[in-house]
Amino acid sequence: MISVKKIAVFLIGGILFLGILNIGLNVWIEFKLPQLLADKNRSDYNIAYKDIDVSLWNTTLQVFDVSVAPKTDIENTNKKLGIYAKVPQIKVAHFSILSILFGDKIKADQLVIVAPEITLHKNNDKVLSHSKSIQSKIIEPFEKIIVVNAIYLNEGNVQVVKAEKNQLIASLQQLNLKIEGLVLNEKTLQNKIPFTYENYSINCTQLFYQVNEFYTLKVSQFNTTNTSLQIDDLQLKPNCSRKVFVQKIPKERDLYTINTKQISLKEMNWGFQEDVFFCKIPELVLNQLDATIYRGKMPEDDLSKKKLYNNLLRNLPFDLQVDTLKMVQSKIVYEEEISFEEGPGKLIFDAFNLKATSIQSGFHKTKVPDTEITIQSQFMKESMLDVDWSFNVLDSTDGFKIKGKLNHFNAEKLVYFTKPYLNVVVKGDLEKVYFNFKGNDVVNQGDFALKYDDLKVEIYQNNKRYKKNGLLTAIGNLFVKDDSGEELKAVSVKVERVPEKSFYNLLWISVADGLKQVLL
């Protein structure tokens, strides 16, 4: 029978042996790790640290005050390009002892990166120079040093800087990243996404991105997982004034100012299938979008053909499917300006609610349901506008149907558009306005109906737009039928599409033709 004394000696001896082994392992790893990070480091980066702690009991390795810099930086200190990072703590959990003792890579279950400060210095003003940029600059060097099943990055700050002028291109604050079930090897490096994973999550605050010379994008909160995306307080704002923008562009182009309280996607599925991207979204919601679209007419016309929405979606080179798109309690303002002296004409759509179903690309598809869009909005802060619009992506003629109605509209509210743009003010009550059109890439036709009361026009002088032209106003009112009577006046409309103009221009000239027939 084994005595208690022998058991105690055995246990104490075992504990002492493990303790000595742990100390020895620490010493060995402190000798071995610099080799992995220096002599056997096949990446483009030097990695240094101040202290290291190894626990054999739970196979955890902690490295403190880590710094990362490109190897080329040692040779040329004046050329600061690549990734530079300072990390207070990196934790490698459940590592393989054999991989450190005898291998060229660290193998472990988890890699935890705590509060890193990361800056990417670039020789141009693009966040990604090409599609392989992340793979070559980050993924491949990482794969040469460590193999893990999960990565956790906590409370990091990331910046992308144009090296020449030390100009900030993009930044992420309080970045938290989680990738679990990670597989990264020579095989996965050949794929569009150079690694596979079971699930991921990314969240950060204060996202900043210099889109180009004209726009800056800011986001207060960004959250995404395998199946969801939520963006709070998105702002896309011009970097320059309208006058400067118009002077810089060679041809007419819209200038956008966009704010939205929240963008949300749920249960989305995306990825690559045989190297072809796909994205399927059951529901996309834009909550309280506020968009101003400005078009200065001073530059040269862009005479390229404008594609209708059927064509744009049909020819997308990937599989897109959005079952439902919603815009909730939004506002859209369109402004068009002939000269800076007179100011822009405005069309205002408040309380804008849109629902679109079956938004799809035509990629590898032979049959899709119609895209159907319903819109309810307050037009010019005056009356409710209802629109129903539909088209089929696979229709090679780019056919569409659109109908709408507007009730009890004070025509004088159009002064925001007609006065600066057409030099005309219309007064009177448009009691009922209806249109029902069917068109395609060539022509639009259908019915237009109007009931109105006491309609008058005022025409202003071209050189003094604040002063009414009495003669032209009198002549104009002679031709305008000021009252439709008790009946709704209906006419048939048929207009040819101007290929260089947008779908909305086609809709506008169709309505204008109907107004002309009824009023004159």
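Read on for a plain summary of the structure.

Calculation notes
- Residues numbered from 1 in each chain as written.
- Predicted model: local features only at pLDDT ≥ 70, side-chain atom pairs only at ≥ 80, totals over all residues.
- Heavy atoms only, no water.
- Phe/Tyr/Trp six-rings, centres within 6.5 Å; stacked < 30°, edge-to-face > 60°.
- Helix = DSSP H or I, 4+ residues; strand = E, 2+ residues; numbered from the N terminus.
- Buried < 20%, exposed > 50% of the residue type's maximum accessible area, 1.4 Å probe, protein only.
- Lys NZ or Arg CZ within 6 Å of the ring centre and 35° of its normal.
- Salt bridge = Lys/Arg side-chain N within 4 Å of Asp/Glu carboxyl O.
- Polar contact = N/O pair within 3.5 Å; in protein donor to acceptor, adjacent residues only side chain to side chain.
- Contact = heavy atoms within 4.5 Å.
- Pairing = 2+ DSSP bridges.
- Patch = residues over 30% accessible without salt bridge, like charges linked within 9 Å, V, L, I, M, F, W, Y side chains within 5 Å.
- Areas by Shrake-Rupley, 256 points an atom, 1.4 Å probe, with all protein chains shown as cover.
- Expected span 1.5 Å × (residues − 1).
- Lys, Arg positive; Asp, Glu negative; His and termini not counted.
- Charge placed at Lys NZ, Arg CZ, Asp CG, Glu CD.

What about the packing of aromatic side chains?
The way to describe two aromatic rings as a pair is by their centre distance and the angle between their planes. For the structure shown, the criterion picks out 16 aromatic pairs. Note on F214 and F245: the rings are 5.0 Å apart at their centroids and 80 degrees apart in plane angle, and the pair reads as edge-to-face. Of this pair, F214 sits in the loop between β9 (199-210) and β10 (215-225) while F245 sits in helix α5 (residues 242-248); the two residues are 31 residues apart in sequence, bridging distant segments of the chain. Assigned by exposure class, F214 and F245 land together as buried. An aromatic cluster of three or more residues is present, and its members are Y309, W389, F391, F400, F503 and Y504. Just above the ring of F340 sits the side chain of K243; from NZ or CZ to the centre is 5.3 Å.

Points about the pattern of salt bridges
Proximity of charged atoms lets side chains of opposite charge pair with each other. Applying the stated criterion across every chain, the model contains 13 salt bridges. With a shortest N-O distance of 3.7 Å, K248 and E213 are connected by a salt bridge. Of this pair, K248 sits in helix α5 while E213 is found in the loop between β9 and β10, placing the two residues 35 residues apart along the sequence. Relative accessible area serves as the criterion here: at 47%, K248 is assigned to the partly exposed category. With its nearest N and O atoms 3.9 Å apart, the salt bridge here joins K306 to D302. Residue class for D302 comes out partly exposed when judged on its relative accessible area of 26%. Each of E252, D254, R295 and K297 takes part in salt bridges that share partners, so that together they form one network.

With respect to the side chain of S510
Here S510 shows up in helix α9 (residues 503-519). In this structure S510 comes out as buried when scored by relative accessible area, which is 0%. Separated by 2.7 Å, the side chain of S510 and the backbone oxygen of L506 make a polar contact. Every residue in contact with S510, bar those within four places of it in the chain, is listed here: F437, N444, V493 and V495.

Notes on the pairing of strand β17 (residues 371-379)
The alternating pattern of β17 places T371, I373, I375, S377 and F379 on a buried face, while none of E372, T374, Q376 and Q378, on the opposite face, is buried. The pairing of strand β16 (residues 345-360) with β17 spans 7 bridges and is antiparallel. Residue pairing for β17: T357 is matched across the bridge by E372. Pairing between β17 and strand β18 (residues 383-391): 9 bridges, direction antiparallel. By the bridge assignment for β18, Q378 is matched with M384. Hairpin geometry of β17 and β18 is characterised by an intervening segment of 3 residues between the two adjacent antiparallel strands and by a positive phi of about 55 degrees at M380.

Considerations on unusual backbone geometry
For E267, which is not glycine, the phi torsion reads 55 degrees and is therefore positive. Inspection of the secondary structure puts E267 in the loop between β12 (254-266) and β13 (269-273). A relative accessible area of 63% places E267 in the exposed class.

Description of a nonpolar patch on the surface
Together, Y309, L312 and Y504 make up an exposed nonpolar region whose accessible area comes to about 290 Å². Position of L312 among the secondary structure elements: in helix α6 (residues 309-314).

Observations regarding α9
In a regular helix each residue adds 1.5 Å, so 17 residues correspond to 24 Å; α9 covers 25 Å between its end C-alpha atoms and thus fits that length. Those residues of α9 that fall on the buried side of the exposure criterion are F503, L506, S510, V511, G514, V518 and L519.

Here's the deal with the environment of T60
Assignment of secondary structure puts T60 in strand β3 (residues 60-70). In this structure T60 comes out as buried when scored by relative accessible area, which is 10%. In sequence terms T60 and Q110 are 50 residues apart; their C-alpha atoms lie 9.5 Å from each other. Apart from residues lying up to four places away in sequence, T60 is in contact with D53, V54, S55, K91, V92, A93, H94 and F95.

So, the environment of F503
Relative to the helices and strands, F503 resides in helix α9. The exposure class assigned to F503 is buried, which follows from its relative accessible area of 6%. In this structure the C-alpha to C-alpha distance between F503 and N440, which are 63 residues apart in sequence, comes to 9.7 Å. Excluding its chain neighbours within four sequence positions, the residues that come into contact with F503 are L308, Y309, W389, F400 and I402.

Things to note about the side chain of T216
Relative to the assigned elements, T216 resides in strand β10. Among the residues examined, T216 registers a relative accessible area of 12% and is labelled buried. Within the local environment of T216, its side chain forms a polar contact with the side chain of Q210, the two groups lying 3.4 Å apart. In terms of polar contacts, T216 uses its side chain to reach the side chain of N239, at 2.4 Å. Apart from the residues within four sequence positions on either side, T216 is in contact with F208, Y209, Q210, Q235, L236, K237 and N239.

Quick look at a negative patch on the surface
Taken together, the side chains of D453, D454, E486 and E487 make up a negatively charged region of the molecular surface. By the secondary structure assignment, E486 is in the loop between α8 (470-479) and β22 (489-496). You can call E486 exposed: its relative accessible area is 71%.

Points about the environment of V87
Turning to its location among the elements, V87 is positioned in strand β4 (residues 82-93). Among residues more than four places away in sequence, those in contact with V87 are D65, V66, I113, V114 and P116.

Thoughts on the pairing of β18
Pairing geometry for β18 and strand β19 (residues 400-410), over 7 bridges, is antiparallel. In the strand pairing of β19, D388 is matched with K403.

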